[in-house]
Amino acid sequence: QIQDTNSTWISQTLAEHGIDCYQKTTVGDNRARIVGAMDAGLQRSDVILCSGGLGPTEDDITRESIGELLGRPLVFRPEVYDEVLERFAALRRAPTDNNKKQATLPEGAIAITNPNGTAPGVIVEDERGIIICMPGVPHELKSMLLDSVLPYLKAKCQIQGVVHSRVLKVCGLGESRVD
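Residues numbered from 1 in each chain as written. Predicted model: local features only at pLDDT ≥ 70, side-chain atom pairs only at ≥ 80, totals over all residues. Heavy atoms only, no water.

Colleague: Provide a residue-level description of unusual backbone geometry, including the pertinent values.
Modeller: One non-glycine residue with positive phi stands out, namely R92, at about 60 degrees. The topology assignment puts R92 in the loop between α4 (78-91) and β3 (104-106). Classification of R92 as exposed rests on a relative accessible area of 79%. (Helix = DSSP H or I, 4+ residues; strand = E, 2+ residues; numbered from the N terminus. Buried < 20%, exposed > 50% of the residue type's maximum accessible area, 1.4 Å probe, protein only.)

Colleague: Describe α4, and please don't skip the residues or the numbers.
Modeller: Taking 1.5 Å of rise per residue, 14 residues should cover 20 Å, and α4 covers 20 Å from first to last C-alpha, within 8% of that figure. Every buried residue of α4 is listed here: V80, Y81, V84 and F88. One side of α4 carries all its buried residues, which in axial view fall inside an arc of 100 degrees. Facing away from the buried side of α4 by more than 90 degrees, the exposed set consists of E86, A89 and A90. Buried-residue contacts for α4 involve β2 (74-76), β3 and β4 (110-112). Taken from the residues just after α4, R92 is the one with a positive phi, measuring 60 degrees. (Expected span 1.5 Å × (residues − 1). Arc of directions from axis to C-beta. Contact = heavy atoms within 4.5 Å.)

Colleague: For the pattern of salt bridges, give the residues involved together with the corresponding values.
Modeller: Evaluated as defined, the whole model comprises six salt bridges. The residue R128 makes a salt bridge to D39 at a minimum N-O spacing of 2.6 Å. Taken together, the residues span a long stretch of sequence, with R128 in the loop between β5 (121-126) and β6 (129-134) and D39 in helix α2 (residues 31-44) at a distance of 89 residues. Among the salt bridges present, the one from R72 reaches D126, with a minimum N-O distance of 3.3 Å. Of this pair, R72 sits in the loop between α3 (62-70) and β2 while D126 sits in strand β5, and the two are 54 residues apart along the sequence. Judged by relative accessible area, which is 18%, R72 ranks as buried. The exposure class assigned to D126 is buried, which follows from its relative accessible area of 16%. (Salt bridge = Lys/Arg side-chain N within 4 Å of Asp/Glu carboxyl O.)

Colleague: Help me get a handle on the sheet that holds β4, residues and values and all.
Modeller: Read across the sheet, four strands follow the order β1-β6-β5-β4 without closing on themselves; strand pairing throughout is mixed. Both edges of this open sheet fall to β1 (47-51) and β4, since each of them pairs with a single strand only. Taking each pair of neighbouring strands and ignoring which way they run, the sheet shows an average axis angle of 15 degrees. Summarising the sheet, β4 and β5 pair through three bridges and their orientation is antiparallel. The residue of β5 that forms the bridge with A111 is V122. Across the sheet, α2 is in contact with β1 and β6; its angle to β6 comes to roughly 135 degrees. (Pairing = 2+ DSSP bridges. Axes fitted to C-alpha atoms, helices over the stretch in contact; angles between N-to-C directions.)

Laid out in structure tokens, this is it:
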């Protein structure tokens, strides 16, 4: 129902930083499908990046799906909740009880601070691979990827190369002629 601009931007940004994107998958708010997509992703990739499902509502089930897939219980993290509360204070809004869900992460997960919203990101390192989840709100995702996720990936995966590309715009010639 919502146009996916996040995956296109993520793929372009990863390429600019020397990281290949092998596949993009879109899954709705369905726990079995999310678990299945992440399981398949871990079978073919070292790292999975995902966006969305980190909010406080019942249909925000990304954390639960990761916990199920990796066999990790969800743990309430008071220090993460303090960051959520600080963000609400900065916005001059009052949190509701369900915002505590945003500070409940799979056991051993690394929380990623979200300076532009209330949903922290999540990094889960596992023997099968790494799952990194960011908020689905584009301006929150973009700053989190640039400021936190890319530096993490570059250090963790020892990435040094960069993929350069050029866009060639042609008018009046068919694809076969340009080839």
